[in-house]
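Analysis of the macromolecular model
What follows is each chain in one-letter form.
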Amino acid sequence: MKFLQKYPKEVQVFLAASLINSAGGSLMWPLITMYVFDELGRNMADAGLVVMVQAMGGIVGQLLGGALYHRIGVKKLIVGALGLNALGLFTLPFISDHWYIFMAMMGFIGFCNALSMPAIQAFIGYRFADRRGELFNVVYVANNIGVAVGTGLSGFLADLSYHLTFMMNGLTSALFALFFLRYLNGLDKQQGEVHLHKKTKSEPAGSIWSLLGNTRIYLFLGLGALFLWLGNSIWNSGVAPFIISEGLPKRSYGFLWTLNGILIFVAQPFTNWIKRWIAQSDSAQMTASAIFYLSAYVVIIGIQSYPGMVLAMVLATFGEMLISPAIPSFISEHAFRAAPFYIGLTGGMGALGRMVGPYAMGILYDSGGLSPVTWLAIGTAIISVAFFVVHALKNRKALETLPD
């Protein structure tokens, strides 16, 4: 692809592998609510409970992944987590008749998938430190090209077999694990065992308590992400059942996520313009992101129809494009060696929002339909804007007090 050609071959191969893995992952995650609601015949509260259990596993995985990065090494952490994630996915078709075992396995899959995430993000920040901001964005774009492909297939595959989506996701996760094993073995041969950014005498690691005490780095950022991702649960726990209840085909929901993936690729000039002229810092981009999400939910409450969902997805996608590269970029730039810990910590806080959101919205949808779900999303987006503003102000004051 042309947008990859300006990067070194090592980066091109890494991005291509990420694209393939994200395509496989996106086959399943938009459909899990529909699978529980449609295939298993459960209500939306049960569907939200499954997503909550998966997110709970994700919280533990994010926190543990960030803490273990320097302890066990990047290779064991990434390859092991991806391999276990693949095994979990392969078991789903055989256990879905056993409700509690199915829920436990979804928690295990959430844990294994999240375990690798802070390690991969920290690896990018260390390996490509001179271009980390640019690389975080281009990895995000490559991943979402995969999302466009995967979600485009997901609705059609669901019409054939939900279990096929689980198997395809497991296959791509296994292939990604093999890619990292070979890739990191190659780096080992070139420069010795890959730890990247090893501890030095002049750079103490710091205890967990001292790291937690540096709230400027993570606290308000993490709380903003928590409420942002809580509100974003509306797509699985509000829009998805609304589409089914309206009698629309499942591929209508898949199309929304295909649109999301396409926009992330083609709308880069628009978000680059925002970054250049309106939100130049990572912190400002987080605030702008939350405002876009808020506008999306306002559209949904005002236009409760499929065209309204399409417009809302466009606005929410602009928000996603701003925040997804900004968080790891900010942490890598400000936290240095502690970046894996803070990436895992803020990721865990965001996963808490993903855990609570589907269950709360599932209960609201069962009792009142789409409207109460959307009002909850609007409220969480407003809170998210407030926390990101506080985060930006805290960090601006910190920079102003630094000696020249």
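Every chain is numbered on its own, with residues counted from 1 as its sequence reads. Local features in this predicted model are restricted to residues whose pLDDT is 70 or higher, and side-chain atom pairs enter the listing and the counts only when it is 80 or higher, whereas totals over whole chains, interfaces and linings include all residues. Side-chain calculation: all heavy atoms of the structure are included, whereas hydrogens and water are not.

The name that an unreviewed UniProt entry assigns to the protein chain is Multidrug resistance protein B, with the source organism given as Paenibacillus pini JCM 16418. UniProt positions are given in the numbering used here, feature names are shortened, and annotations may be inferred rather than shown by experiment. For the protein chain, the Subcellular location (unreviewed entry) comment in UniProt is given as "Cell membrane".

Before going further, it helps to examine the overall build of the protein chain. Each helix and strand in the protein chain was counted, giving 16 helices and zero strands. Buried residues are those whose accessible area, probed at 1.4 Å on protein chains only, stays under 20% of the maximum for their type, while exposed residues exceed 50% and partly exposed ones sit between those limits. The 404 residues of the protein chain split such that 57% are buried. Contacts: residue pairs with any heavy atoms within 4.5 Å of one another. Counting only contacts in the protein chain whose residues sit at least 6 apart along the sequence, the fraction spanning at least 24 positions is 84%. For the area figures, the Shrake-Rupley method with a 1.4 Å probe applies, and any residue is considered shielded solely by the protein chains shown. Taken as a whole, the protein chain presents about 16900 Å² of accessible surface, with 66% of it coming from carbon and sulfur. Put simply, DSSP marks the helices as runs of H or I at least four residues long and the strands as runs of E at least two long, and each gets a number from the N terminus on.

The next subject is the nonpolar core. Grouped together as the largest cluster of nonpolar side chains are 112 residues, with contacts concentrated most on Phe-180, Trp-235 and Tyr-342. Sorting elements by how many residues they give to this core places helix 14 (residues 306-335) first, with 14 residues. Those residues in contact with Trp-235, other than ones at most four positions away along the chain, are Ala-240, Tyr-253, Leu-256, Trp-257, Ile-300, Met-309, Ala-312, Met-313 and Ala-316. Definition used in this section: a nonpolar core is a set of buried Ala, Val, Leu, Ile, Met, Phe, Trp, Tyr and Cys residues joined via side-chain atoms within 4.5 Å. Counting five residues, the second largest nonpolar core, distinct from the first, contains Met-52, Ala-55, Ile-59 and Ala-351.

What follows covers the packing of aromatic side chains. Stacked, tilted and edge-to-face are the three classes assigned to paired rings of Phe, Tyr and Trp, where Trp is represented by its six-membered ring and a pair needs centres within 6.5 Å; plane angles under 30 degrees give stacked, over 60 edge-to-face, the rest tilted. Using the criterion set out here, one finds 17 aromatic pairs in the structure. On the numbers, 5.4 Å between centres and 15° between planes, the contact of Phe-179 with Tyr-183 is stacked. Taken together, the residues Phe-179 and Tyr-183, both in helix 7 (residues 162-191) and four residues apart, mark about one turn of the helix. Accessibility expressed as a relative area gives 16% for Phe-179, which makes it buried. Cation over ring: Arg-42 sits above Trp-99, and NZ or CZ is 4.1 Å from the ring centre. We call a charge positioned over a ring when the NZ of a Lys or the CZ of an Arg lies within 6 Å of the ring centre and within 35 degrees of the ring normal.

What follows deals with the environment of Ala-377. Its location among the elements puts Ala-377 in helix 16 (residues 370-400). Assessed through its relative accessible area of 0%, Ala-377 is described here as buried. Sequence spacing of Ala-377 and Trp-229 is 148 residues, and the spatial spacing of their C-alpha atoms is 9.3 Å. Residues contacting Ala-377, with those up to four places away along its chain left out, are Gly-231, Ile-234, Tyr-297 and Met-361.

With that settled, the discussion passes to the confidence of the model for the protein chain. Every residue carries a pLDDT, the predictor's confidence in it, which falls somewhere between 0 and 100. Looking at the protein chain as a whole, the pLDDT averages 81, with 86% of positions reaching at least 70. Confidence, expressed as mean pLDDT per element, reaches its minimum in the protein chain at helix 1 (residues 9-26) with 69 and its maximum at helix 13 (residues 282-302) with 95. A low-confidence stretch, residues 197-204 stays under pLDDT 50, and its non-local contacts, those more than four residues away or across chains, total 13 contacts.

This part is about the packing of helix 3 (residues 44-72) against helix 5 (residues 99-127). Fitting a line to C-alpha atoms yields each axis, with helices limited to the stretch in contact; the angle taken between N-to-C directions then spans 0 to 180 degrees. Between helix 3 and helix 5, the least distance of the axes is 6 Å, while the angle of their chain directions is 35°. Of the two possible hands of crossing, helix 3 and helix 5 adopt the one that is right-handed. Of the residues in the contact of helix 3 with helix 5, the class split is 19 nonpolar, ten polar and one charged. Crossings are sorted by hand: turned counterclockwise from the far helix by less than a right angle, the near helix makes the crossing left-handed, and turned clockwise it makes it right-handed. Amino acids are sorted into nonpolar (Ala, Val, Leu, Ile, Met, Phe, Trp, Tyr, Cys and Pro), charged (Asp, Glu, Lys and Arg) and polar (every other residue, Gly among them).

The residues that make up patches have over 30% relative accessible area and no salt bridge, and they are joined within 9 Å when like-charged or within 5 Å when they are Val, Leu, Ile, Met, Phe, Trp or Tyr. Any carboxyl oxygen of Asp or Glu that lies within 4 Å of a side-chain nitrogen of Lys or Arg is treated as forming a salt bridge with it. Judged by side-chain polarity, Leu-160, Leu-164, Met-168, Leu-171, Leu-175, Leu-178 and Leu-181 come together as a nonpolar surface patch covering roughly 640 Å² of accessible area. Of all the elements, helix 7 adds the most residues to the nonpolar patch, at six residues. Position of Leu-160 relative to the elements: it lies in helix 6 (residues 132-160).

A word on the side chain of Asn-137. Mapped onto the elements of the fold, Asn-137 is located in helix 6. Polar contact criterion, stated in full: a pair of N or O atoms within 3.5 Å, where within protein one must be able to donate a hydrogen and the other to accept it, and residues adjacent in sequence count only if both atoms are side-chain atoms. A polar contact is formed between the side chain of Asn-137 and the side chain of Gln-268, at a distance of 3.1 Å. Apart from residues lying up to four places away in sequence, Asn-137 is in contact with Gln-268, Lys-275 and Pro-325.

Let us look at the environment of Gln-268. With respect to the helices and strands, Gln-268 occurs in helix 12 (residues 268-277). Residue class for Gln-268 comes out buried when judged on its relative accessible area of 11%. Non-local contacts of Gln-268, meaning those with residues more than four positions away in its chain, are made with Asn-137, Val-141, Leu-263 and Met-321.

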